[in-house]
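# A look at the structure
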Amino acid sequence: MVVIPKITLNNGTQMPVLGLGTYLGKSEDIYNAVKYAIEIGYRHIDTAFYYQNEADVGRAIREKIDQGLVKREDIFLVTKLSPIHNEPSKVEYACQKSLENLGLDYIDLYLIHFPAGLDYYDDKVQGPLNEKANVRFNDADYVDTWREMEKLVKKGLVKSIGISNFNSEQTQRILDICKIKPVVNQVECHVELNQKKLIEFSKQRDIVITAYCPLGRPNPAEKKPAFLYDDRFIAISQKYKKTPAQIALKYLIQIGAVPIPKSTTNTRIAENIDLFDFELPKDDMSILDTFNTGDRICKFELWANHQYYPFSIEF
Ligand SMILES: NC(=O)C1=CN([C@@H]2O[C@H](COP(=O)(O)OP(=O)(O)OC[C@H]3O[C@@H](n4cnc5c(N)ncnc54)[C@H](OP(=O)(O)O)[C@@H]3O)[C@@H](O)[C@H]2O)C=CC1
Ligand SMILES: O=C1CO[C@H](CO)[C@@H](O)[C@@H]1O
């Protein structure tokens, strides 16, 4: 079994430096993937109310606890406050819903999924902004949402709180008013969008960057992302007898980010954790740095006119 190193967060909590993503993983597939992942050493699992799979993720975790393979405190479970609940009056309600879905009595890390929110109609009407479903932006200020997130820690419903898809200015606005600092900002981060400026900004403020889409959401039919198929990338992977995906993940860990690759395929779940027996030296890290184009996969374009759209500034 692989033992994943941990990083200490600003509240003293320890978080494994690699997690399992679960977006688009459904029902039995994600239930089986989470069980297998825990069996081989994953301890950090990332889900969200928005993914509609919290119940399957929670069932898998509870089964492994009941079997005695892990204790609850060995698991670092992350879930997120959906944009439809991103307003102060919905925060505790949403957190209780996630706990109910998960079948757990606390969440390790609860993130504001996106700085901008959507009007609430029904828990099932999720957006993205969808005229037919009559979903509209709300104008809640994420700073007010944050104050309610802090109350969840005091109530013992969550151990740590954080943000996701926040830019540096939005992060600073939270830091300027908070009583409890965000421990993590979860953002898109991979070799083509290496986020070095946001990582440095966050490091100076003791906030860890979790890297979503760490593999660039591979699509072999389209040979995407380009870096996984690039000769220089393949040459580096061959040098260390690793796969391009493993090099992509190791690069992120070495620049200080915490990748959360998603897979529901056992061989790939195992491949993505087999990273802790080699180091990339400076010269290869420098080659990998050159792949940074700054292009985003998750542009959230429908939100571009929202006052809290995060991606209009450099970082
Ligand atoms: N906070 C936010 O707004 C967001 C958070 N996230 C979180 O980050 C996680 C990861 O991002 P995600 O968007 O899933 O993208 P990833 O970069 O993790 O790519 C996932 C895709 O890669 C495939 N894959 C996994 N491992 C390998 C491998 N070793 N070689 C080749 N292909 C592989 C998977 O296929 P298969 O499953 O078939 O193996 C899946 O199709 C999400 O699942 C979610 O938990 C993601 C986006 C936004
Ligand atoms: O977490 C998420 C998964 O990716 C989606 C985009 O494809 C995002 O909308 C969402 O925030």
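Residues numbered from 1 in each chain as written. Chains lettered and ligands numbered in written order. Predicted model: local features only at pLDDT ≥ 70, side-chain atom pairs only at ≥ 80, totals over all residues.

### Some words on the overall build of the chain
Broken down by element type, the chain carries 10 helices and nine strands. Relative to the compact-globule value of 20 Å for 315 residues, the chain shows a C-alpha radius of gyration of 19 Å, a close match. For the chain, the residues scored as buried account for 46% of the 315 residues in total. Counting contacts in the chain only where the partners sit at least 6 residues apart, residues at least 24 apart contribute 72% of the total. (Helix = DSSP H or I, 4+ residues; strand = E, 2+ residues; numbered from the N terminus. Rg over C-alpha atoms; globule rule 2.2 N^0.38 Å. Buried ≥ 20, exposed ≤ 12 C-beta atoms within 10 Å, placed from the backbone. Contact = placed C-beta atoms within 7 Å.)

### Some details on the site of ligand 2
Around ligand 2, the neighbouring residues are Tyr23, Ala48, Tyr50, His113 and Cys298. Residues belonging to the shell around ligand 2 are distributed by class as follows: four nonpolar, one polar and no charged. (Near = placed C-beta within 6 Å. Nonpolar A, V, L, I, M, F, W, Y, C, P; charged D, E, K, R; others polar.)

### Topic: the site of ligand 1
Ligand 1 sits among 26 residues. The nearest are Gly21, Tyr23, Tyr212, Ala245 and Lys262. Among the residues making up the shell around ligand 1, the classes are represented as 10 nonpolar, 11 polar and five charged.

### Re the UniProt feature "active site" (unreviewed entry) in the chain
Within this numbering scheme, the UniProt entry marks Tyr51 as carrying the feature "active site" (unreviewed entry). Note that Tyr51 resides in the loop between β3 (44–46) and α2 (54–66). (UniProt positions renumbered as here; feature names shortened; annotations may be inferred.)

### A word on the pairing of strand β4 (residues 76–81)
Here β4 lies mainly inside the structure; six of its six residues are buried. Relative to β4, β3 runs parallel, the two sharing three bridges. Each residue of the ladder has a partner; that of His44, found in β4, is Phe76. Chirality of the crossover, the property in question, places the unit of β3, α2 and β4 among those that are right-handed. Alignment of β4 against strand β5 (residues 107–112), held across four bridges, turns out to be parallel. For Val78, the partnering residue across the bridge sits in β5 and is Leu109. Regarding the hand of the β-α-β motif, the stretch spanning β4, helix α3 (residues 91–102) and β5 is right-handed. (Pairing = 2+ DSSP bridges. Right-handed = clockwise from strand over helix to strand, strands pointing away.)

### Description of the nonpolar core
By size, the foremost hydrophobic cluster in this structure holds 83 residues, and its most contacted members are Val34, Ile45, Tyr110 and Ala248. Among the elements that make up this core, the one with the highest residue count is helix α8 (residues 244–254) (seven residues). Those residues in contact with Ile45, other than ones at most four positions away along the chain, are Gly19, Leu20, Thr22, Val34, Val57, Ile61, Ile75, Leu77 and Val78. (Core = buried A, V, L, I, M, F, W, Y, C linked by C-beta atoms within 7 Å.)

### Quick look at the environment of Ile247
Along the chain, the position of Ile247 falls in helix α8. In this structure the C-alpha to C-alpha distance between Ile247 and Asn272, which are 25 residues apart in sequence, comes to 9.6 Å. Not counting residues within four places of it along the chain, the set of residues in contact with Ile247 comprises Phe233, Ile236, Ser237 and Lys242.

### Brief notes about the packing of helix α4 (residues 142–154) against helix α5 (residues 168–177)
Closest axis-to-axis distance for the α4/α5 pair is 10 Å, and the angle between their directions is 50°. Taken together, α4 and α5 sit at an angle that is classed as oblique. The way α4 lies across α5 gives a crossing that is right-handed. Counted together, Tyr142, Val143 and Trp146 of α4 and Gln170, Arg173, Ile174 and Ile177 of α5 form the full contact between these two elements. (Axes fitted to C-alpha atoms, helices over the stretch in contact; angles between N-to-C directions. Parallel < 35°, antiparallel > 145°, perpendicular 65-115°, else oblique. Left-handed = near helix turned anticlockwise from the far one by under 90°.)

### Details of the packing of α2 against α3
Contact geometry for α2 and α3: axes closest at 7 Å, N-to-C directions at 50°. Classified by the interaxial angle, the pair formed by α2 and α3 is oblique. Contact residues: Glu54, Ala55, Val57 and Gly58 in α2; Ser98, Asn101 and Leu102 in α3. Among the residues making up the contact of α2 with α3, the classes are represented as three nonpolar, three polar and one charged.

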